[in-house]
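Notes for the structure review
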Amino acid sequence: AQSELRPYGLYLSIQNGASDDVEEGHIYRQSPTEGTTLSRGDTVTVWINMSESETEEQVQVPDVTDYTYNQASTALEAQGLAIAGVKYENSDDVAADRVTRTDPAAGTSVDPGTKITLYISKGPEEKTTTMPQVVGTTLADARTLLAGNNLTVGQVTYEPSDSVAEGRVIRASVSRGETVDEGT
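Residues numbered from 1 in each chain as written. Predicted model: local features only at pLDDT ≥ 70, side-chain atom pairs only at ≥ 80, totals over all residues. Heavy atoms only, no water.

1. Quick notes on the pattern of salt bridges
In plain terms, the rule: Every case where a carboxyl oxygen of Asp or Glu lies within 4 Å of a side-chain nitrogen of Lys or Arg is listed as a salt bridge. Strands here are runs of E lasting at least two residues and helices are runs of H or I lasting at least four, both read from the DSSP assignment and numbered beginning at the N terminus. A 1.4 Å probe rolled over the protein chains alone gives each residue an accessible area, and that area as a share of the maximum for its type sets the label: buried under 20%, exposed over 50%, partly exposed in between.
Evaluation of the coordinates by the stated rule reveals two salt bridges. The closest approach of N and O atoms between Glu 89 and Arg 101, which form a salt bridge, is 3.1 Å. Here Glu 89 is found in strand E5 (residues 82-89), whereas its partner Arg 101 is found in strand E6 (residues 99-103), with twelve residues between them in sequence. Measuring nitrogen to oxygen at the nearest pair gives 3.0 Å for the salt bridge that ties Arg 171 to Glu 159. With Arg 171 in the loop between helix H3 (139-148) and strand E10 (179-181) and Glu 159 in the loop between H3 and E10, the pair connects residues that are twelve residues apart, well separated along the chain. With a relative accessible area of 37%, Glu 159 lands in the partly exposed category.

2. Points about the environment of Asp 141
Among the structural elements, Asp 141 can be located in helix H3. In this structure the C-alpha to C-alpha distance between Asp 141 and Val 169, which are 28 residues apart in sequence, comes to 9.6 Å.

3. Quick notes on the packing of aromatic side chains
To keep things clear, this is the line we draw: Two rings belonging to Phe, Tyr or Trp (six-membered ring only in the last case) form a pair when the distance between their centres is within 6.5 Å. Interplanar angles under 30 degrees mark stacking, angles over 60 mark edge-to-face geometry, and anything in between is tilted. Charges are assigned to positions over rings by a cutoff of 6 Å between ring centre and Lys NZ or Arg CZ, combined with an angular limit of 35 degrees from the ring normal.
Counting across every chain of the model gives zero aromatic pairs. In this arrangement the basic side chain of Arg 29 is found over the ring face of Trp 47, its NZ or CZ atom lying 3.8 Å from the centre. The ring of Tyr 119 is capped by Arg 101, whose NZ or CZ atom sits 3.7 Å from the centre of that ring.

4. Things to note about helix H2 (residues 69-78)
Just so we agree on the cut-off: Think of it as the arc spanned by the lines of direction from the helix axis to the C-beta atoms. The contact rule is simple, with two residues in contact once any of their heavy atoms fall within 4.5 Å.
Taken residue by residue, H2 has Ala 72, Ser 73, Ala 75 and Leu 76 as its buried positions. Viewed along the axis of H2, the buried residues span an arc of 165°, placing them on a single side of the element. The exposed set on the far side of H2, more than 90 degrees from its buried face, consists of Asn 70 and Glu 77. Those residues of H2 that are buried lie in contact with strand E1 (11-17), E5, E6 and strand E8 (115-121). Downstream of H2 by one or two residues, Gly 80 has phi in the positive range, about 80°.

Worth remembering: the numbers are spatial, not functional.
Laid out in structure tokens, this is it:
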């Protein structure tokens, strides 16, 4: 249900309950009802038929992946949950300042009032490397050295030199030993 609501900017609140009308684990009621016009940011509450032991005040942690902090806070509060705190982590899959995961994880049954830790994306991890010595090497050797450090050759300009043999690198735009972002 969450994956169907997310593209419309809607939040899902899951309540556990009991019903003789549907199989265990299936939705037996929703609010608002089908056909109701909703706005972005509204919450749809569904009740899932659970066994008697699971209906004793338990709620499920909603999936708030890719939500902003405020959106996640609203969705958690709609479930009767609270935010314990925020931790930041790098993510290649989730944009910066968006929720990557929760602890306890989405779908976990917890007591109302449980405090949930949000993990917020810092974006992809920036990886750095050190510029190797390429001055004095051949262009082919320079390419190999750079590739070995996840770097690329930029613009190549040929010019005469009195101090460096023909066919050798005279200078580079980045100095040897300098720390640079990979892919530079």
